[in-house]
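Remarks on the overall topology
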Amino acid sequence: QVQLIESGGGLVQAGGSLRLSCAASGRTFSSSAMGWFRQAPGKERELVAGISWSGGTTNYADSVKGRFTISRDNAKNTVYLQMNSLKPEDTAVYYCAAGEPMYSTSRGPWRYWGQGTRVTVSS
């Protein structure tokens with residue numbers, strides 16, 4: 001069983017930055033693709049960014065390309081989402097997800113989920 005704990009959310013003004021972290025338990029982190037999703041009120045959950053187990057492949061939603069960066073530290077069992085130039089439309093609950101070890105790619109499928117951390121961007 002893998003547990004994912006997100007942190008780093010909060011309130012920030014438009015144009016500001018935040019870095020989200022997701023700490024994973026278990027021994028399969030280094031062989032698992034990881035992803036960051038978000039869900040805004042009244043909207044479906046969407047994949048914001050994904051990263052392969054090695055970190056060699058990343059992918060981003062068009063809406064965040066050039067502003068967000070996903071990275072991972074396999075020695076710390078942690079994945080990060082650096083968010084720059086934040087916009088009010090980035091306001092959402094952000095979730096960390098882990099793929100099936102040795103199977104999932106940076107685009108999924110996703111097996112484990114965190115509880116989420118809220119990001120609010122004020123205009």
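These notes cover the structure that comes with them.

Criteria and thresholds
- Residues numbered from 1 in each chain as written.
- Predicted model: local features only at pLDDT ≥ 70, side-chain atom pairs only at ≥ 80, totals over all residues.
- Heavy atoms only, no water.
- Helix = DSSP H or I, 4+ residues; strand = E, 2+ residues; numbered from the N terminus.
- Pairing = 2+ DSSP bridges.
- Axes fitted to C-alpha atoms, helices over the stretch in contact; angles between N-to-C directions.

Overview of unusual backbone geometry
Following Gly108, the chain continues to Pro109 via a peptide bond in cis, the omega torsion being -5°. Looking at where Pro109 falls in the secondary structure, it is placed in the loop between strand 9 (92-99) and strand 10 (110-113). Backbone geometry places Ser85, a non-glycine residue, at a positive phi of 50°. In this fold, Ser85 is placed in the loop between strand 8 (78-83) and strand 9. Non-glycine residue Met102 carries a positive phi angle of around 65°. Mapped onto the elements of the fold, Met102 is located in the loop between strand 9 and strand 10.

Topic: the sheet that holds strand 8
Within the open sheet, the four strands sit side by side as 1-3-8-7. Their pairing is antiparallel. Two strands close off the open sheet at either side, each with one partner strand: strand 1 (4-7) and strand 7 (68-73). With direction set aside, neighbouring strand axes in the sheet form an average angle of 15°. Relative to strand 8, strand 3 (residues 18-24) runs antiparallel, the two being bridged by six bridges. The residue bridging Ser21 from the neighbouring strand is Tyr80, located in strand 8.

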